[in-house]
Every structure is written in structure tokens, then in C-alpha cells.
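Inside the fold
Below are the chains, spelled out letter by letter.
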Amino acid sequence: MSADPIDPDIATRFGSGRAVPRLEDEGLLKGAGRYTDDLQPAGELRVAFVRSPHPHARILAVDADTARGMPGVALVVTGAELQRAGVKPLPVNAAFKRPGGGPSASPARPVLAHDRVRFVGEPVALVVADTAQQARDAAEALWVEYEELPGAVDVHAATSGQAAPLCDDAPDNIAAEARYGDAGKAEAAFAGAAHVVRLAIDNQRVAALALEPRTVLAWIAEDGRLTLRMSTQMPSGVRTTVCEVLGLPREQVRVTVGDVGGGFGMKTGAYPEDIALAYCATQLKRPIKWAADRSEEFLASHHGRDLHAQAELALAADGRILALRLRSLANVGAYATGAGVAIQLLVGPWVQTSVYDIPLVDFHFRAVLTNTAPTGAYRGAGRPEAIFTIERLIDEAARQTGIDRIALRRRNFIRPAQMPYRNPMDQTYDVGRFEHVMDQALAQADWDGFEARRAQSQARGKLRGLGIATFLEWTGGNALEERVTVAVLPDGVIEVFSAVNAMGQGIATTLAQLVVDVFQVPIDRVRVVLGDTDRGDGFGSAGSRSLFTGGSALREGAERTLDAARALAARELEASAADLVYDAGRFKVRGTDVAVDLFALAGKQPQGRIHLESTTQVAGPSWPNGCHISEIELDPDTGQVQVVAYSSVNDVGRVVNPTIVRGQLDGGAVQGMGQALLEQMVYDPASGQPITGSLMDYAAPRADLLACEFVTSMDESTPCKNNPLGVKGVGELGTIGATPCVVNAVADALARSGRAALAPQLQMPLTPVRLWQLMHGDGH
């Protein structure tokens, strides 16, 4: 049918560059969201897992008889039973070498442990019952006999030579190592340097804390296929792993995703619990659901960070950086997953030299197995650790050399004339004007007016510090190809599918705006479909790639669909395609009144629609960058820190939706501040027990962390050259900049109060007790 006439200015009001309200929000605010736990199919059974109470132990016996006889219990599964059923371990796929050149090492990760447990919270059995409470009761009745083994929860103990190995292939608990650069030339540079700055830098372990915990619903659909509804960022990746571990053909498994209450990288890929539910569904032929509680999330979801580095910077007398040397130990937990190792041994190092022209590097990174939950992606995934290290070094170098820290940065910035620039890790930056971004940020933050504000704080008995971070990051996940489908329907709707995934970041709105750009239709006529492996495969959403890669693919797919529609309109109107003018849903023969409506044209096609599948590949990653400036007040009597000003200028390329971009930048910054000041996942070194396993113990950032409004600007003057939109990834930029920016502000407050010698001793999180003890000479 023909649609109503369309406002010709619709693309101007709802297309790219406009702060269009998020399409997702109305339903979520009204309670109409469809999270996995909201689906309650008839006959649904619930699952409870039995988890290891020990960090390291042999499983001697499992007695499930009592549990199997309890009310409502439909199935009890142990690790030994899964092994006998032919269920394989989860893939590891860490393509690195161990010391000596052998392949990387990791224990095989079973779906349910059957011989040894290697961290507190590792699943060893499960119970399926009519209700969640019945499943929990039966799980508590299942008895496991363990023989405790010695364990180690930190990298230094694990590599001391005294710790028990987690697997035979890594007797020293080194899962993998990587070396980069030229050690000999770097050593010569350090030997001839006028200044050498050394810091021990810890990036503590943190938890992702997504509002919605991991949730899985598995069932056998009417067509006989295994179907999973999940809270995940990567449905295609989950399907691949399910098929590999359970030995199922790809076409027999479907994974769908509805609303997702946050991911932050923690919901990438398949977990043992996902595979276990899939297996149970194939056995019982009934819907099976598991929703993690918060304690399970702390125990068994992938953690982030946990990198411990010795960092050295060599400088000439004029402040030019001569070389950077790093030695680091990354705690990858009990199982060295491919992502967990690559994040610290490859992805982070890609940006380690950041926006600075550093000619020589000498890097030696090692991934260490410990009796803790595995680590994986967490917002930034390696880049926050790398940027924190170099920014702490730059500020400390300024203090130790007496060179102004702004001047030191200017002296070492990569210049626009050097673009495209290849860094020491063989990564190529396509564009970047780093000094230009910093200059804007200095003016926006009133850098030169700080002394007056410091005096006001001092009058109130507070120490005030000024922090800065100038940095870049890498986005794209190196998954640079994406497939989309575009369908023009006769009811006036344009339906698009993409394999990128929504997880609260507003991607559906942004994609819809790109469709509006091309078709010039109201945004409410665009239907965005995501999260269904039956509709299409793709990498998913991670590495800030959703718009950069997925959006580029959708824009080109929409343009190709419009070109196809133009050819159909030319045939319909008996005119040359070159003579047709498209405007707001209508093709018109130039200079005449002869026209056809786009949606009416779709209805005339044999399939009743105009449909096109399109695959697009971008040329390379994007390199968003920024300058973040913060001011903090430190109470010397209590050690309490409060952020009292936060300003940032961010080069994110072309901006499609300013409101969404600001939300990503500011929300990310709060997460970065959380790591700087509050958050830490702590394991007791003696017992191996997690002691921050609830929100009573784990300090998450809250609104009172800031006593200010964000001042956030986007610089669109340097679009990315690697994708047709000119956009750069934005989802992790705020997190990456905030952590060093705030810690540098605390270091500055100490230095300005005559305590510069304490600045190198700062280690996150900068909690009140740590700072008070540091300032009062009681250690930390």
C-alpha cells in the first residue's frame, strides 16, 4: 500500500548528527523490556549449580542420590557424567608461546569439573527442578568429597616456584608470554638517558557488575532444534562454542537475544553454564532456565584487569622520550582463555605508546595461571591498563625532571604530518591531531585558573589536585566485516537486521538514524532487528565496533538497497534510472509528475518486498582519542577523595547521535573513576576465598563520587579514514581516560602539598584508608 506523504525535512530532524531520543527507552521505562528472565514458557524448569568451595582441590567422590530423590527434581548432572556423555571441554585457543617457545598452556576447562577444581565458584554439578528453590535445596543436598591442594591467588605467589601448578604443561604457572621491541637498543637508550623514571603499577582485578546477571533459557523448539535465549553480546560466538562442545551441527542450534542489561565485555562468548543448560535441554526436552544471582556473578563471571607491571621511561635532557621498557605479569585466572591472554599480551600493547612518538620499546609480558576466576574482556580490555601505565609515567617524569607536564606532552606528541603513523607494535594510526585536542581541553577546563580554585579548597582544609590524561585507543575488535539485510515492506516499514547487539548502549537508535539518512523516512518507520543467529551471523558487539563496523555495513547496505529500488522503479515507470530523483520515499521522473511510492513499489515485487543482503568490510581499526582533565579534593584528615571537576574533549570522528555518545563517554568515565578510587575484587591469599563477593563488600561507584557535572565535548574535525561513515568507536574511551586522569589528580594534590615522594607509591584503588595510611607514614 502507499504510505502517507513524508515530511521532506525528516532526515534533517531524525538522521545523523541529531540528538534523537533513544528508541529503546520508552519500552524499558514502562517496564515492557524483554530480558531473558522475563520469558517464562510453559513447563519451564530451573537450574541451580553446585560450586566449588575450594580454590584448588581434587574431586574424590560425588554423591547425588539424595539430591535426585528430593521434591521437584527432574535431573542431576555431574562433571563425570558429562565427560562420559562425550561433552568436550570449552576451547582455549590462546595462540601464544610459553617461555622456551612451546605452545601456550592451560588446563582444559570442563563444563562441569570432574577431576580437579581450580577456583572458588567453579561449577561441579547442577540440579534441574520445577522451581528455583527446589533446585537450590537439592543442590545443597548434593555431597562432594574434596582433597584440598595448595593454591595461589596472586601472580607473585603463583610464579614463586613454591606454588602448585594448575596444569602439567605449565609447571611454573606461566600460561604464555610475549616479547616485543629491541631489548639491546632499548638498553643502550636507557644507558645514555639523562632521566630514567621507574614505577611499579598495579591494575587491580575488578568485576563488571552488569545490572542484569547472566541468564540463559534453553529449549527444543517445535522444529526440533536447540534454541537458546541469552543475555549475551555475541550470539554467533555462543552458537559456535555450543556446537563444538556438544558436537551438534551448526544448523541445529539457534541463539537469540532480547534486551540485555549491560555487558561491558563480560558477556562475550560462552560460559560453562551456557553449555550445561543446552545439554540439559537436549536431555529433558523441556525449557530450562538459569539466572545467576549476584554472588555467582562475583564468583564465576569473568573478571577484568589484574595486571602488574614494572615500567620504565628513558628521556633525554630536553624531555624527549627515548625508550619505554615494561615487564608485566597478567593474572588470567585458573583457565587461560584466548581473550584473557590476548587482552594483556597483545591488545593492550597495541596502544602502549599511545599518542607519543616513542622510538624504542622493550616489552616482556607474561600470562599467569592462578586459583581465581578467569579474566576476560572488561570495558576497554587491555587498553585502560596500557594507557594508565604510560600516563602515570608521563606525569611522574614531569615531576622528576621539572619539565611542565603539558610541555612534556607537546614535545612527544605524534604530529599530524606523521600520519599515517606506524607505532612500535606495528599498528597504523590513520589520523590524529592530539595537540589540537589537548589545546581545546585545556581551555575548556580553565587549566590556567586552577590556582585560584586550589586556594579556595585550601581555605576549607582540602588538598586540591589537577589531573590530565592524553591518550588514544584501538577499536574494531579486528573483526572488520559485517553482514546486514535490508527489506522495504509494503506496509511502510523498512526492516534492517544486523549481527551487532544491543546491551544498553542505544545501538538500535543509531542504526535507525543511518537508515533515515539514506531513505529519508520517519524514524518510526524503521524497524531494527538484532540478536538472532537465524537472521544472520556476525562477530557481535565488543571492542567498540558496533557503529564503526556494523553501522558502516548498514549504511552501505541501505544505499545498495536504494540503488536496487531505483532500478525497479525505472522499470515500473519505463524510464532511465539516471532520470529518477529520489526524495523522501518517492521516485520521480525528473521534470515530470510521474512518480512511484517506494513502499507501493515494494508491494508490487514477486516477493512482496524489496530485500537485499549486503556485506561490507572496513579498511582497518579506528583510533579515537581524547584529553581528559579532572580536579579532585583530598581530605588529609580522612583520606577521602571527591571528584569536583571533570572535563573532556574527545575525538570520536563523526557523531551520529550526540546524546548517546555523551552517555557513553560520561558513563564510561564513572566506571574508570570506580577503578581509580573504589573497586577491587579481593581474594584472601591464605585461604583463596573471595572476600569481596557481594555488594556489601565490593565498592561500586555511586552518584556521590562526583561533586560536579561532566563537561564533555566531541571533536568531529578528524574523521576516521578506515570506514565510510568516518566514525570512531566510543564505548570505551571514557573508561580509558578517567582512571589515569583521576589518579594523576591525586598524585598532583600530594605533590602540591609537599608530598611528591608519595606520588610514585600510589596504587589503586585510592580508598580513604590507603591514602590516609600513605600520608601518615603507616604504609599501604
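A quick note: this is a predicted structure, and the numbers were derived from the prediction, not measured.

**A look at the side chain of glutamine 344**
By secondary structure assignment, the location of glutamine 344 is in helix H11 (residues 338-350). At a separation of 2.7 Å, a polar atom in the side chain of glutamine 344 contacts the side chain of glutamate 385. Discounting chain neighbours no more than four positions away, the residues touching glutamine 344 are Arg305, Leu307, Ala330, Pro349, Phe365, Gly382 and Glu385.

**Remarks on the sheet that holds strand E5 (residues 123-129)**
By way of backbone hydrogen bonds, the strands of a sheet pair with one another, either parallel or antiparallel. Strand order in this open sheet of seven strands is E3-E5-E1-E12-E9-E10-E11, and the pairing throughout is mixed. Every other strand in the sheet has two partners, leaving strand E3 (73-78) and strand E11 (253-257) as the edge strands with one partner each. In this sheet, adjacent strand axes meet at a mean angle of 20° when their direction is disregarded. As judged from the six bridges shared by strand E1 (residues 45-51) and E5, these two strands associate in the antiparallel manner. Looking across to E5, one finds that alanine 48 is bridged to valine 127. Its contacts with the sheet put helix H5 (residues 132-141) on E1, E3 and E5, and the angle it makes with E1 is roughly 25°. Across the sheet, helix H8 (residues 235-246) is in contact with strand E10 (226-230) and E11; its angle to E11 comes to roughly 150°.

**Description of the packing of helix H16 (residues 507-519) against helix H17 (residues 546-573)**
In contact at an axis separation of 9 Å, H16 and H17 are set at 30° when each is read in the N-to-C sense. Here H16 lies roughly parallel to H17, going by the angle between them. Considering the relative orientation of H16 and H17, their crossing is right-handed. Contact with H16, carried on its side by Ile507, Thr510, Leu511, Leu514, Val515, Asp517, Val518 and Phe519, involves Ser546, Leu547, Gly550, Gly551, Leu554, Arg555, Ala558, Glu559, Thr561 and Leu562 of H17 and no other residues of that element.

**What about helix H15 (residues 450-459)?**
A turn of α-helix holds 3.6 residues, and therefore any two residues three or four places apart point the same way. Within H15 the residues assigned to the buried category are Phe450, Arg453 and Ser457. Seen end-on, H15 carries its buried residues on one side only, within an arc spanning 65°. In this structure, H15 carries Ala452, Gln456, Gln458 and Ala459 as exposed residues pointing more than 90 degrees from its buried face. At its buried positions, H15 is contacted by strand E18 (463-472), strand E26 (625-634) and helix H20 (733-752). One or two residues past the end of H15 sits glycine 461, with phi positive at roughly 85°.

**Structural notes on the packing of aromatic side chains**
Here the structure, examined in full by the defined rule, presents 11 aromatic pairs. Each ring, one from tyrosine 180 and one from phenylalanine 365, has its centre 6.2 Å from the other, and the planes form 50°; the classification is tilted. A residue pair is termed long-range when its members are at least 10 positions apart, and tyrosine 180 in strand E7 (residues 174-181) and phenylalanine 365 in strand E15 (residues 361-369) qualify at 185 residues. When sorted by exposure, tyrosine 180 lands in the same class as phenylalanine 365, which is buried. Ring centres of phenylalanine 298 and tyrosine 698 lie 5.3 Å apart, and the angle between their planes is 50°; on these two criteria the pair is classed as tilted. Of this pair, phenylalanine 298 sits in helix H10 (residues 294-300) while tyrosine 698 sits in the loop between helix H19 (658-677) and strand E28 (710-715); the two residues are 400 residues apart in sequence, bridging distant segments of the chain.

**Some thoughts on the pattern of salt bridges**
Evaluation of the coordinates by the stated rule reveals 53 salt bridges. The residue glutamate 396 makes a salt bridge to arginine 399 at a minimum N-O spacing of 2.9 Å. Placement of both glutamate 396 and arginine 399 in helix H12 (residues 383-401) is noted, with a separation of three residues, approximately one turn of the helix. Classification of arginine 399 by relative accessible area gives partly exposed; the value is 23%. The network of salt bridges with shared partners includes Glu391, Asp395, Arg405, Arg409, Glu451, Arg454, Asp748 and Arg752.

**Quick word on the layout of surface pockets**
In this approach a probe as big as a water molecule rolls over the atoms, and the regions it shows empty are the leftover space. In this structure, the second largest pocket spans a volume of roughly 650 Å³. Every residue lining the second largest pocket is counted, 29 residues in all, and those nearest its centre are Glu24, Asp259, Ala502, Ala508 and Val528. Going through the elements one at a time, helix H2 (25-29), E11 and strand E21 (526-530) are the ones with two or more residues in the lining of the second largest pocket. Its residues assigned to classes, the lining of the second largest pocket comprises 12 nonpolar, 10 polar and seven charged.

**Quick look at helix H7 (residues 183-191)**
Those residues of H7 not exposed but buried are Ala186, Ala189 and Phe190. Within H7, the buried residues cover an arc of 100° as seen down the axis, which keeps them to one side. Residues of H7 that are exposed and point over 90 degrees away from its buried face: Lys185 and Ala191. Of the surrounding elements, those touching the buried residues of H7 are strand E8 (195-206), strand E13 (304-315), strand E14 (321-333) and E15. Put simply, aspartate 182 is the residue that caps the front of H7, since its side-chain oxygen is 3.1 Å from the backbone nitrogen of glycine 184.

**Some points on unusual backbone geometry**
Cis geometry marks the peptide bond from methionine 419 to proline 420, where omega comes out at -5°. Summarising the element assignment, proline 420 is placed in the loop between helix H13 (405-412) and strand E16 (421-422). A cis amide bond, omega -5°, links methionine 764 with the succeeding residue proline 765. Mapped onto the elements of the fold, proline 765 is located in the loop between H20 and helix H21 (768-775). Of note in this structure, serine 354 is not a glycine but carries a positive phi near 55°. You can see serine 354 is positioned in the loop between H11 and E15.

**Thoughts on the side chain of asparagine 723**
Mapped onto the secondary structure, asparagine 723 falls in the loop between E28 and H20. Residue class for asparagine 723 comes out buried when judged on its relative accessible area of 7%. Among the polar contacts made by the side chain of asparagine 723, one reaches the main-chain amide nitrogen of leucine 725 at a distance of 3.0 Å. A distance of 2.8 Å separates the side chain of asparagine 723 from the backbone oxygen of valine 727, its partner in a polar contact.

**Quick notes on empty space enclosed by the protein**
Here the structure, examined in full by the defined rule, presents seven cavities of 30 Å³ or more. Approximately 90 Å³ is the volume found for the largest cavity. In terms of lining residues, the largest cavity is bounded by 14 residues, among which Leu307, Gln344, Gln352, Phe365 and Ala386 are the most central. Within the residue set of the lining of the largest cavity, elements represented by two or more residues are E13, E14, H11 and H12. Tallying contributions element by element places H11 first for the lining of the largest cavity, with four residues. Of the residues in the lining of the largest cavity, the class split is seven nonpolar, six polar and one charged. What lines the second largest cavity is simply Ala207, Ala208, Leu209, Ala210, Met266, Arg294, Glu297, Phe298, Ser301, His302 and His303. Here the lining of the second largest cavity is composed, by residue class, of six nonpolar, three polar and two charged.

**Some points on the nonpolar core**
Counting 122 residues, the largest nonpolar core has Leu313, Leu324, Ile629, Ile632 and Met673 as its most contacted members. No other element matches the 11 residues that H20 contributes to this core. Once residues lying within four places of it in the same chain are set aside, the contact partners of isoleucine 629 are Ala441, Leu442, Ala445, Trp447, Leu466, Gly467, Ile468, Ala645, Tyr646, Ser647 and Cys741. In this structure, Leu480, Val496, Ala570 and Val656 belong to the second largest nonpolar core, which totals 47 residues.

**As for the pairing of E11**
In terms of burial, E11 is largely enclosed, as four of its five residues are buried. Bridge count between E10 and E11: five bridges; the pairing is parallel. In the sheet register, leucine 226 faces E11, and the bridge partner there is valine 253.

**Some points on the packing of H12 against H20**
Two elements in contact, H12 and H20, have axes whose closest approach is 8 Å; the angle formed by their N-to-C orientations is 25°. For the element pair H12 / H20, the angle class is roughly parallel. In the crossing of H12 with H20, the sense of the turn from one axis to the other is right-handed. For the pair H12 and H20, contact is made by Arg383, Pro384, Ile387, Phe388, Glu391, Arg392, Asp395 and Arg399 and by Ile736, Thr739, Pro740, Val743, Asn744, Ala747, Asp748 and Ala751, respectively. Looking at the contact of H12 with H20 residue by residue, the class counts come to eight nonpolar, two polar and six charged.

Calculation rules
Residues numbered from 1 in each chain as written. Predicted model: local features only at pLDDT ≥ 70, side-chain atom pairs only at ≥ 80, totals over all residues. Heavy atoms only, no water. Helix = DSSP H or I, 4+ residues; strand = E, 2+ residues; numbered from the N terminus. Polar contact = N/O pair within 3.5 Å; in protein donor to acceptor, adjacent residues only side chain to side chain. Contact = heavy atoms within 4.5 Å. Pairing = 2+ DSSP bridges. Axes fitted to C-alpha atoms, helices over the stretch in contact; angles between N-to-C directions. Parallel < 35°, antiparallel > 145°, perpendicular 65-115°, else oblique. Left-handed = near helix turned anticlockwise from the far one by under 90°. Buried < 20%, exposed > 50% of the residue type's maximum accessible area, 1.4 Å probe, protein only. Arc of directions from axis to C-beta. Phe/Tyr/Trp six-rings, centres within 6.5 Å; stacked < 30°, edge-to-face > 60°. Salt bridge = Lys/Arg side-chain N within 4 Å of Asp/Glu carboxyl O. 1 Å grid on protein atoms, 1.4 Å probe; cavity = no way out; pocket = protein on both sides within 12 Å on 5 of 7 lines; lining within 4 Å. Points joined across faces, edges and corners; volume = space filled by probe spheres on them. Nonpolar A, V, L, I, M, F, W, Y, C, P; charged D, E, K, R; others polar. Core = buried A, V, L, I, M, F, W, Y, C linked by side-chain atoms within 4.5 Å.

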